[in-house]
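# Architecture and fold: a report
Residue strings, one per chain:
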Amino acid sequence: GFAAYIGYHVNHPLYTSPSQLQVYACLAAFLTAELGNFSIHLLLRNLRPAGSKIRKIPQPNWNPFSLMFNFVSCPNYTYEILAWLSFTFMTQCLPAGIFTVAGAYQMTVWAMGKHKTYRAEFK
């Protein structure tokens, strides 16, 4: 749905691409946010030893991207939203912005649920 909608707009003959500086700056921001998202997924994967049911509170580690845990419970969602914001600014495409808002809303709902679970489990 959204991919086709975005594709239609950015491939339309009347579409005007942003400046190269804006495209490359937003691409760099997008890649940085995706790297942050990936690093958080690795940190979360390594929280539970293989074969155990032990749950730990996610904490920042040596990775600078993990410092986001000092501010939010689910930094992977924060990085994902930042990546899509970067994509929206990179393309200057309204459908990408709509997708970003819809995704940010859904990830906020998920993050609030996880935060509530963390607070109940780790009193």
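The paragraphs below set out a description of the structure included in this document.

### Side note on the overall build of the protein chain
Across its full length, the protein chain holds four helices and zero strands. Taken from N to C terminus, the helices and strands of the protein chain fall in the order α-α-α-α. Against the compact-globule benchmark of 14 Å for 123 residues, the protein chain has a radius of gyration of 17 Å, which places it well outside the compact range. Projected onto the principal axes, the alpha-carbon positions of the protein chain cover approximately 55 × 25 × 25 Å. Here the protein chain holds 123 residues, and the buried ones make up 33% of them.

### Observations regarding the nonpolar core
In this structure, I6, C26, F30, A33, A83, F87, M90, C93 and A96 together form the largest nonpolar core, which totals nine residues. Listed by contribution, the elements that provide at least two residues to this core are α2 (20-45) and α3 (75-91). Contacts of I6, omitting those with residues within four sequence positions, involve F87, C93, P95, A96 and F99.

### A few points about the layout of surface pockets
What the largest pocket holds in volume is close to 250 Å³. Taken together, the elements giving at least two residues each to the lining of the largest pocket come down to α3 and α4 (94-121). In terms of residues, the lining of the largest pocket owes the most to one element, α4, which gives three residues. Of the volumes computed, that of the second largest pocket is approximately 170 Å³. Around the second largest pocket sit I57, P58, F69, V72, S73, H115, Y118, R119 and F122, which together line it. Residue composition of the lining of the second largest pocket, grouped by class: six nonpolar, two polar and one charged.

### Remarks on a nonpolar patch on the surface
A cluster of nonpolar side chains, F2, Y5, L94 and I98, forms an exposed patch at the surface whose accessible area comes to about 380 Å². Counting residues per element, the ones that place at least two in the nonpolar patch are α1 (2-10) and α4. With respect to the secondary-structure elements, L94 resides in helix α4.

### Some words on the packing of aromatic side chains
What the rule picks out here adds up to seven aromatic pairs. Between the aromatic rings of F65 and Y79, the centroid separation amounts to 5.7 Å while the plane-to-plane angle is 85°, which identifies the pairing as edge-to-face. Placement of F65 in the loop between α2 and α3 and of Y79 in helix α3 is noted, with a sequence separation of 14 residues between them. Ring geometry for W84 against F87: centres 5.4 Å apart, planes inclined by 80°, an arrangement best described as edge-to-face. With W84 and F87 both in helix α3 and three residues apart, this pair spans about one turn of that helix. According to the relative accessible area criterion, W84 is partly exposed, its value standing at 24%. An aromatic cluster of three or more residues is present, and its members are F2, F30, W84, F87 and F99.

So, how was this worked out
- Residues numbered from 1 in each chain as written.
- Predicted model: local features only at pLDDT ≥ 70, side-chain atom pairs only at ≥ 80, totals over all residues.
- Heavy atoms only, no water.
- Helix = DSSP H or I, 4+ residues; strand = E, 2+ residues; numbered from the N terminus.
- Rg over C-alpha atoms; globule rule 2.2 N^0.38 Å.
- Buried < 20%, exposed > 50% of the residue type's maximum accessible area, 1.4 Å probe, protein only.
- Core = buried A, V, L, I, M, F, W, Y, C linked by side-chain atoms within 4.5 Å.
- Contact = heavy atoms within 4.5 Å.
- 1 Å grid on protein atoms, 1.4 Å probe; cavity = no way out; pocket = protein on both sides within 12 Å on 5 of 7 lines; lining within 4 Å.
- Points joined across faces, edges and corners; volume = space filled by probe spheres on them.
- Nonpolar A, V, L, I, M, F, W, Y, C, P; charged D, E, K, R; others polar.
- Patch = residues over 30% accessible without salt bridge, like charges linked within 9 Å, V, L, I, M, F, W, Y side chains within 5 Å.
- Areas by Shrake-Rupley, 256 points an atom, 1.4 Å probe, with all protein chains shown as cover.
- Salt bridge = Lys/Arg side-chain N within 4 Å of Asp/Glu carboxyl O.
- Phe/Tyr/Trp six-rings, centres within 6.5 Å; stacked < 30°, edge-to-face > 60°.

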